[in-house]
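# Structure assessment
Residues per chain, in single letters:
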Amino acid sequence: MDSRTKRRLSDAELDALVRRAVGTGVTAATELTDGYANAVWRLKLDDGREAVLKLSPPPDLEQLSYERNLLRMEAAAIGLAAAAGVPVAGLLRAGYDDPVLGGDYLLLAALDGVSWNDVKPDNHAELRRELGGHLARFNAVTGEVFGYPHAGITGATWREAFLAMTAALLGDTERYPTPLPLPAAELLAVFEAAAPALDEVTSPRLVHFDVWAGNVFLDLSGTPRIQAIIDHERAFWGDPLAEFVTPTIFGELAEDDPLLAGYREVAPLELTAAARTRLDLYRAYLYLILLIENGPRQYPPDEYARVRDLATASLTDVLDRLVRPFGGPAAG
């Protein structure tokens, strides 16, 4: 995505916004350009603190249906995660429908650690086990409705909400035509046929759904430890099992994965046949996101080709597993 589609603020506008938010000005600002929706800056403040400012995209920025009001979900998730004992970047201030911006913003305490994606610590298994425990605490937080409440995609039951989430995502292909293994209607039929497995989920639990190495910061001052889990904006209320999809993307969840062991130290989790079906549904949903989001984001073709090919092949494999018990046609 061309960064010019994001909100643009001058140094003076950044300073004025931070003064409104926390009563102190900005001495230096560096824009972080990795994201595809929110504009993000790392700031040095007059009072000596360092902070990260995230601004919501302009109202006319093209996004998927579930991506509405992402910063509101992130602010809610940060507060709930911190209360549950999950390490997060502290939320200094959240502003919604700011009268000057005409949008939302979050001001977060800056982290002094490094992204797990940028280093290869020797204690990988121990870190993965530690991450599992943090995810179990995150998932222990309960809510009142299933789905994406800030995007208006919800349901009274998990089956209702997840099918609504899937239908909204597939509906986005009307705006952003996407090559998929099956037509949208047939894909939704596969999800609906497997949906009874979702009825085992009776309580809305907080699910981050974007826990990959780039969203985990490490403290390397001694033995590497997890400093914080970041970027909670794509969280939803649903099934904790969905949390295991991103950390095992394009693969499977193995019984000997330290992530699973760490999770079970905090909360019970059994990988029954029905649980495996649910995992496949969530994998299919994530792979659809990876394919359909290229419509509004327009990733650089050479950089995106590998993800597109992996997502397509993995989605086809998962669909084949899902349709087999119901005698449906194989994807292809």
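Read on for a plain summary of the structure. Predicted, not measured: the structure shown is a model, and the values here were computed from it.

Moving on: the sheet that holds strand β4 (residues 91–95). Strand order in the open sheet formed by five strands is β1-β2-β3-β5-β4, with antiparallel pairing between adjacent strands. Either end of the sheet is taken by a strand with one partner, and the two such strands are β1 (26–32) and β4. Direction aside, the axes of adjacent strands within the sheet are offset by 20° on average. Set on the sheet, helix α2 (residues 70–83) makes contact with β3 (50–55), β4 and β5 (105–109); between it and β5 the angle comes to about 35°.

Each packed pair of helices is defined by two parameters, the angle between the axes and the distance between the axes. Interhelical geometry of helix α5 (residues 184–194) versus helix α9 (residues 301–323) gives an angle of 50° and a closest axis separation of 9 Å. On the basis of their axis angle, the class for α5 and α9 is oblique. For the crossing formed where α5 meets α9, the hand is left-handed. Facing α5, whose interface residues are Leu187, Val190 and Ala194, α9 presents Leu319, Leu322 and Val323. Tallied by class, residues from the contact of α5 with α9 come to six nonpolar, no polar and no charged.

So, about the sheet that holds strand β6 (residues 114–115). Overall, antiparallel pairing links the three strands, which are arranged β6-β10-β11 in an open sheet. Bordering the open sheet on either side are β6 and β11 (225–229), each of which pairs with just one other strand. Here helix α3 (residues 124–139) sits on the sheet in contact with β10 (216–219) and β11, set at roughly 40° to β11.

Turning next to helix α7 (residues 273–292). An ideal rise of 1.5 Å per residue puts 28 Å on 20 residues; α7 measures up with 29 Å between its terminal C-alpha atoms. Of all the 20 residues making up α7, 16 are buried; the element is thus mostly covered by neighbouring parts of the structure.

Grouped together as the largest cluster of nonpolar side chains are 81 residues, with contacts concentrated most on Trp158 and Tyr282. The element contributing the most residues to this core is α7, with 13 residues. Setting aside anything within four residues of it in sequence, one finds tryptophan 158 in contact with Phe146, Gly147, Met165, Leu198, Val201, Phe236, Trp237, Gly238, Asp239 and Tyr282. If you look at the next biggest cluster of nonpolar residues, it comprises 16 residues, including Ala39, Leu55, Tyr105 and Leu107.

Take the side chain of aspartate 172 next. You can see aspartate 172 is positioned in the loop between α4 (158–171) and α5. Among the polar contacts listed, one links the side chain of aspartate 172 to the side chain of arginine 175, at a separation of 2.7 Å. Apart from the residues within four sequence positions on either side, aspartate 172 is in contact with Leu64, Ser65 and Ile292.

Right, let's get into the packing of aromatic side chains. A full pass over the atoms with the stated rule returns 14 aromatic pairs. Judged by centre distance (5.9 Å) and plane angle (20°), the ring pair of tryptophan 158 and phenylalanine 236 falls under stacked. Taken as a pair, tryptophan 158 in helix α4 and phenylalanine 236 in strand β12 (residues 236–238) lie far apart in primary sequence, 78 residues in all. The exposure classification of tryptophan 158 matches that of phenylalanine 236, with both residues buried. Both rings, one in phenylalanine 209 and one in tyrosine 285, keep their centres 6.0 Å apart while their planes meet at 40°; by these two values the pair is tilted. With phenylalanine 209 in the loop between β9 (205–207) and β10 and tyrosine 285 in helix α7, the pair connects residues that are 76 residues apart, well separated along the chain. Taken together through their ring pairs, the aromatic side chains of Tyr66, Phe146, Tyr148, Trp158, Phe162, Phe191, Phe209, Phe236, Tyr282 and Tyr285 make up a single cluster.

Basis of the calculations
- Residues numbered from 1 in each chain as written.
- Predicted model: local features only at pLDDT ≥ 70, side-chain atom pairs only at ≥ 80, totals over all residues.
- Heavy atoms only, no water.
- Pairing = 2+ DSSP bridges.
- Helix = DSSP H or I, 4+ residues; strand = E, 2+ residues; numbered from the N terminus.
- Axes fitted to C-alpha atoms, helices over the stretch in contact; angles between N-to-C directions.
- Contact = heavy atoms within 4.5 Å.
- Parallel < 35°, antiparallel > 145°, perpendicular 65-115°, else oblique.
- Left-handed = near helix turned anticlockwise from the far one by under 90°.
- Nonpolar A, V, L, I, M, F, W, Y, C, P; charged D, E, K, R; others polar.
- Expected span 1.5 Å × (residues − 1).
- Buried < 20%, exposed > 50% of the residue type's maximum accessible area, 1.4 Å probe, protein only.
- Core = buried A, V, L, I, M, F, W, Y, C linked by side-chain atoms within 4.5 Å.
- Polar contact = N/O pair within 3.5 Å; in protein donor to acceptor, adjacent residues only side chain to side chain.
- Phe/Tyr/Trp six-rings, centres within 6.5 Å; stacked < 30°, edge-to-face > 60°.

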